[in-house]
Amino acid sequence: MLWGTFSWAALGPVIMVEQTMKAVNYLYIIADQLHLYMAFVFPTGNRSFQQDNAPCHKARIVLEWFEEHTDEFHLMSWPPNSPYINPMEHIWYVMERQLRAQTPPCPNISTLRDRCLDIWLNLSTVMYQKLVASMPRRVAVVLNIKGGATRY
């Protein structure tokens, strides 16, 4: 499993998660990785962070962490059943497609990690900037359907 983040300005870290993502693992990632990335990309503040409604994202300890850091982060509300609005899903799709196109297939987990990291580091700047720029349109769609389910 991978965890990654990005903004219009820059790709953030991508983290290999070797087990099921639990709230504690996620908390360590946001505290250690996200915190530093956001401070670097948004040094003057105005930091908004988007995450979906995965159980580890909605865990009490995670939400409490964001509450403790409200002066540093604005945690965006997330409508249920709306993967369309999540630009990260597009990045995961692009990465999966590139990974599947590579031959030979990954012989082991180490090679898989290396290939995932290589793909991540070579993602197009234009692609993730377009994804960020598309957010007002994506949000408008969700507002138009009053928070109902969306599709890709």
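Everything quoted here is computed from the prediction, not taken from an experiment.

Caption draft 1: Quick peek at the pattern of salt bridges. A complete count under the given rule lists three salt bridges for this structure. Where Arg-113 meets Glu-18, a salt bridge forms, and the shortest distance between an N and an O atom there is 3.0 Å. With Arg-113 in helix α4 (residues 109-121) and Glu-18 in the loop between β2 (11-16) and α1 (23-41), this pair connects stretches of sequence that are 95 residues apart. With relative accessibility at 28%, the residue Arg-113 sits in the partly exposed group. Residue Glu-96 pairs with Arg-100 through a salt bridge whose shortest N-O separation is 2.9 Å. A residue pair is termed a helical-turn pair when its members lie 3 or 4 positions apart in one helix, as Glu-96 and Arg-100 do in helix α3 (residues 87-101) at four residues. The class for Glu-96 is partly exposed, based on a relative accessible area of 39%. For Arg-100, a relative accessible area of 66% gives the class exposed.

Caption draft 2: Highlighting the layout of surface pockets. Space inside the largest pocket adds up to approximately 720 Å³. Lining of the largest pocket is provided by 32 residues; of these, Thr-5, Phe-49, Gln-50, Asn-86 and Met-88 occupy positions nearest its centre. Elements with a contribution of two residues or more to the lining of the largest pocket: β1 (2-6), α1, β3 (48-49), α3 and α5 (125-133). A breakdown of the residues in the lining of the largest pocket according to their chemical character gives 21 nonpolar, nine polar and two charged. The residue makeup of the lining of the largest pocket includes at least three contributed by each of domain 1 (1-78) and domain 2 (85-151).

Caption draft 3: Quick peek at unusual backbone geometry. Residue Pro-104 is reached from Thr-103 by a cis peptide bond, and omega for that bond is -5 degrees. When you line up the elements, Pro-104 lands in the loop between α3 and α4.

Caption draft 4: Fine view of the UniProt feature "signal peptide" (unreviewed entry) in the chain. UniProt's feature table lists "signal peptide" (unreviewed entry) at residues 1-16, given in the numbering used throughout. Note that residues 1-16 is 0% helix and 69% strand, and that its end C-alpha atoms are spaced 6 Å apart.

Caption draft 5: Examining the packing of α3 against α4 more closely. Orientation of α3 relative to α4, taken along the N-to-C sense of each, is 125 degrees, at an axis distance of 10 Å. Between α3 and α4, the angle is such that the two are oblique. Here the hand of the crossing between α3 and α4 comes out right-handed. Judged by residue contacts, Met-88, Ile-91, Trp-92, Met-95, Gln-98 and Leu-99 of α3 engage Leu-112, Arg-115, Cys-116, Ile-119 and Trp-120 from α4. Grouping the constituent residues of the contact of α3 with α4 by class yields nine nonpolar, one polar and one charged.

How each quantity is defined
Sequence positions are assigned chain by chain, starting from 1 and proceeding in written order. Local features in this predicted model are restricted to residues whose pLDDT is 70 or higher, and side-chain atom pairs enter the listing and the counts only when it is 80 or higher, whereas totals over whole chains, interfaces and linings include all residues. Computation of side-chain values covers all heavy atoms of the structure but excludes hydrogens and water. Put simply, a salt bridge is a Lys or Arg side-chain nitrogen that is within 4 Å of an Asp or Glu carboxyl oxygen. Under the DSSP-based scheme used, a helix requires at least four consecutive residues in state H or I and a strand at least two consecutive residues in state E, with every element numbered from the N terminus. Each residue is assigned to one of three classes by its accessible area relative to the maximum for its type, calculated with a 1.4 Å probe on protein chains only: buried under 20%, partly exposed between the two thresholds, exposed over 50%. The rule is simple: put a 1 Å grid over the protein atoms alone, call a set of points where a 1.4 Å probe fits but cannot get out a cavity, call an open set with protein on both sides within 12 Å along at least five of seven lines a pocket, and count a residue as lining if it has an atom within 4 Å of a point. Grid points are joined across faces, edges and corners, and a volume is the space filled by probe spheres set on the points. In the scheme used here, Gly and all other residues not listed as nonpolar or charged are polar, with Ala, Val, Leu, Ile, Met, Phe, Trp, Tyr, Cys and Pro taken as nonpolar and Asp, Glu, Lys and Arg as charged. Those domain boundaries reflect an automatic or database domain assignment. UniProt positions are given in the numbering used here, feature names are shortened, and annotations may be inferred rather than shown by experiment. Here the axes come from fitting lines to C-alpha atoms, over the contacting stretch only for helices, and the angles between their N-to-C directions go from 0 to 180 degrees. Any angle that falls under 35 degrees is termed roughly parallel, while one over 145 is termed roughly antiparallel, one within 65 to 115 roughly perpendicular, and all others oblique. By definition, any crossing whose near helix is turned counterclockwise from its far helix by less than a right angle is left-handed, and any crossing with a clockwise turn is right-handed. Residue contacts follow a heavy-atom distance rule, with two residues in contact if any of their heavy atoms lie within 4.5 Å.

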